[in-house]
Amino acid sequence: MKKNKLTELIKETIIKKNGISVSQYMKMCLTHPDYGYYTKNRPIGLKGDFITSPEISQMFGELIGLWIAQVWLDHNKPSKFSIVELGPGNGTLMADILRVTNKIKGFHDSLIITLIEISPALKKLQKTKLKDYCVNWKAKLEKLPNVPTVIFANEFFDALPINQYVVKNCKWMEVVVSLKSFINPICDEFCFELKKISKPPLELSFLEQTEDNIFEISIELKKNLSFILNHLNKNLGACLIIDYGRNNNIGSTLQAVKNHQFSNPLENHGECDLTSLVNFNMIKKYSQYYGLKVSNLVDQGDFLKSLGIEQRFLSLSKNMDPNQLKMHNKSLNRLINKNQMGKLFKVMGIRNKGSSPLIGLEV
Ligand code: SAH
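All of the points below concern the structure found in this document.

Looking at the packing of aromatic side chains
At step 1: Throughout the structure, instances matching the rule amount to nine aromatic pairs.
At step 2: With a centroid separation of 5.8 Å and 45° between ring planes, the pair formed by Tyr286 and Tyr290 is classed as tilted.
At step 3: Note on Tyr286: relative accessible area 22%, which makes it partly exposed.
At step 4: Judged by centre distance (6.0 Å) and plane angle (75°), the rings of Tyr289 and Tyr290 are edge-to-face.

Below, the structure is given as C-alpha cells:
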C-alpha cells in the first residue's frame, strides 16, 4: 500500500510531543500546507465527499443573495458595501448571489467582494467560477474596508479545529491524539488518550465539573468570531452563519466523512473531511458581550421558507420536464425537510445595533 505522507508527519509530531491536541490533529489533517484535505482536494459535490446546500440547488444562493441585498437596501443603498464569504468552497453560493442580484439597480456597483479561503485548489475553482467579477481573496479574516458589511458563512465554522476536555476523578484532562504503539509496539494505529493539564481554559473553569463529559472548545472559531464582532461593532451591517450545530458544547461531536459516508476520524489522514458541531450558544453570548444584536437560532428549513423558497420553487418548476421536476422536488426537500437538512442545519444572524432587524431571523 502507498504510504500516506501526512500520516507519517502526524506520527512524527505525536512521538515528538507525546501526543497532540485534537485541534492540532484536525489542523494538520484539514489544512496542512502540502497534504491537508482542503489544501489539495476538491471535496464538495456529488463526485466529492460531501454536498452542501448551495450545491443542492440554486434556490439556496438566490435567497441568500436577496437576503444580503435587503441589508443593503435597509442601509439606504450605501455607495460602498462590503460582502465577505468565509470558506466559499466551489464558489457556487457567491456565483448564485451575484447572478440573482444582478438586476438590483446600483447594488453591484457598490460591492467590495472578499472571499476568505485557505485552500489553493478551491481558490482556483472559485476564480474560474467568478471570473466576471472583481473579487479579493484572503487566506484568513483580516483588514476589511470600514463600510457597511455583510459577512456570511455556510458550513465554515464546523471545519475549524476544536480542543476537547474532560473531567476524570475531579481533575480536568485534555483529549489528545496518540499512538497505540506507545503501549503496544506492534500496534500501528492512532488512538485518543487523556493528558493531564495544569488548568482548564477560562470558559471551562466556571463550569460545574461533571465527570466523563467531553467539552469542546474552538480557539480558531473564537478568533474568527472576535474579528467579525469587532468589525460589526465599528461598522453597520450583519453576519449570517449557517451550519450544523447545537446550543451547548457537551459531548464529542468530532466526525469524519468520506465519499458521503461517515468514517473513522483517526484514519485516512488528509483524505476525509473532519468537522464538529458549532456551539451557537457561545456565539450568541459572545455577540451580546460585544454589544451586538443577535437572533435566536432558527432551523434552516424555517429560514428558507420565510425567505420564499416555496414560491421560488414553483416559479422555477414551470419550464421543467418530469425528470428535472423530480430532482427539483428532491432538492427542495433536502434543504427544508425536518428529517433532512431543514432541522439539522441552523441559522443565526448578528448585527450592529444601528442596523435594521434581519429578515427571517428577527420578529
Ligand atoms: N461554504 C461552502 C464550502 C464549505 S466547506 C459551501 O457551502 O459549499 C469549508 C470551506 O472552508 C472550504 O472552502 C475550505 O477550504 C474552507 N476552509 C476550511 N478551513 C479554513 C480556514 N481555516 N480558513 C479559511 N478557509 C477554510
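Observations concerning the site of the ligand
At step 1: Residues in close proximity to the ligand total 17 residues, the closest being Thr52, Gly87, Gly89, Glu117 and Asn154.
At step 2: Taking Thr52, its side chain carries an N or O atom lying 2.6 Å from an oxygen atom of the ligand.
At step 3: Contact distances for the ligand include 3.4 Å between a nitrogen atom and a backbone N or O atom of Ile118.
At step 4: Against a free-state accessible area of 570 Å², the protein chains account for coverage of 95% of the ligand.
At step 5: Here the shell around the ligand is built from residues that sort into 10 nonpolar, five polar and two charged.

Examining the packing of helix H13 (residues 309-317) against helix H14 (residues 322-336)
At step 1: Closest axis-to-axis distance for the H13/H14 pair is 11 Å, and the angle between their directions is 170°. With respect to H14, the axis of H13 lies roughly antiparallel. Contacts between H13 and H14 involve Ile309, Glu310, Phe313, Leu316 and Ser317 on the former and, on the latter, Leu325, His328, Asn329, Leu332, Leu335 and Ile336.
At step 2: When its residues are assigned to classes, the contact of H13 with H14 shows seven nonpolar, three polar and one charged.

A short note on the side chain of Thr52
At step 1: Mapped onto the secondary structure, Thr52 falls in the loop between helix H3 (37-40) and helix H4 (53-56).
At step 2: Filtering out sequence-adjacent residues up to four positions away, Thr52 remains in contact with Ile44, Asn154, Glu155 and Met341.

A closer look at the pairing of strand S2 (residues 81-86)
At step 1: Among the six residues of S2, six are classified as buried, and the element is accordingly described as predominantly covered.
At step 2: Because side chains alternate across S2, one face comprises the buried residues Phe81, Ile83 and Glu85, and the other comprises Ser82, Val84 and Leu86, equally buried.
At step 3: In this sheet, strand S3 (residues 111-116) lies alongside S2 in parallel orientation, the contact comprising six bridges. By the bridge assignment for S3, Leu86 is matched with Ile116.
At step 4: Pairing analysis gives five bridges linking S2 to strand S5 (residues 149-154), with the strands arranged parallel. Residue pairing in the sheet places Glu85 in a bridge with Phe152 of S5.

Remarks on unusual backbone geometry
Peptide bonds are mostly trans, and most non-glycine residues show a negative phi.
At step 1: Of note in this structure, Asn18 is not a glycine but carries a positive phi near 55°.
At step 2: At Asn268, a residue that is not glycine, the phi angle is positive and equals roughly 50°.
At step 3: Within the secondary structure, Asn268 is located in the loop between strand S12 (261-263) and strand S13 (273-275).
At step 4: By relative accessible area, Asn268 is classed as partly exposed at 32%.

Regarding a nonpolar patch on the surface
At step 1: A cluster of nonpolar side chains, Ile15, Phe182 and Ile183, forms an exposed patch at the surface whose accessible area comes to about 340 Å².
At step 2: Position of Ile15 among the secondary structure elements: in helix H1 (residues 5-17).

Focus on the sheet that holds S13
By way of backbone hydrogen bonds, the strands of a sheet pair with one another, either parallel or antiparallel.
At step 1: Spatially, three strands are ordered S12-S11-S13 in an open sheet, and the strand pairing comes out antiparallel. Looking at which strands have only one partner, the edges of the open sheet turn out to be S12 and S13. Each adjacent strand pair in this sheet contributes to an overall mean axis angle of 40°, direction not counted.
At step 2: Where strand S11 (residues 255-258) and S12 come together, three bridges link them in antiparallel fashion. Its bridge partner lying in S12, Val257 is registered against Phe262.

Each value, and the rule that gives it
Residues numbered from 1 in each chain as written. Predicted model: local features only at pLDDT ≥ 70, side-chain atom pairs only at ≥ 80, totals over all residues. Heavy atoms only, no water. Phe/Tyr/Trp six-rings, centres within 6.5 Å; stacked < 30°, edge-to-face > 60°. Buried < 20%, exposed > 50% of the residue type's maximum accessible area, 1.4 Å probe, protein only. Near = heavy atom within 4 Å. Polar contact = N/O pair within 3.5 Å; in protein donor to acceptor, adjacent residues only side chain to side chain. Areas by Shrake-Rupley, 256 points an atom, 1.4 Å probe, with all protein chains shown as cover. Nonpolar A, V, L, I, M, F, W, Y, C, P; charged D, E, K, R; others polar. Axes fitted to C-alpha atoms, helices over the stretch in contact; angles between N-to-C directions. Helix = DSSP H or I, 4+ residues; strand = E, 2+ residues; numbered from the N terminus. Parallel < 35°, antiparallel > 145°, perpendicular 65-115°, else oblique. Contact = heavy atoms within 4.5 Å. Pairing = 2+ DSSP bridges. Patch = residues over 30% accessible without salt bridge, like charges linked within 9 Å, V, L, I, M, F, W, Y side chains within 5 Å. Salt bridge = Lys/Arg side-chain N within 4 Å of Asp/Glu carboxyl O.

Interpretation note: all reported values are geometric properties and have no functional meaning in isolation.
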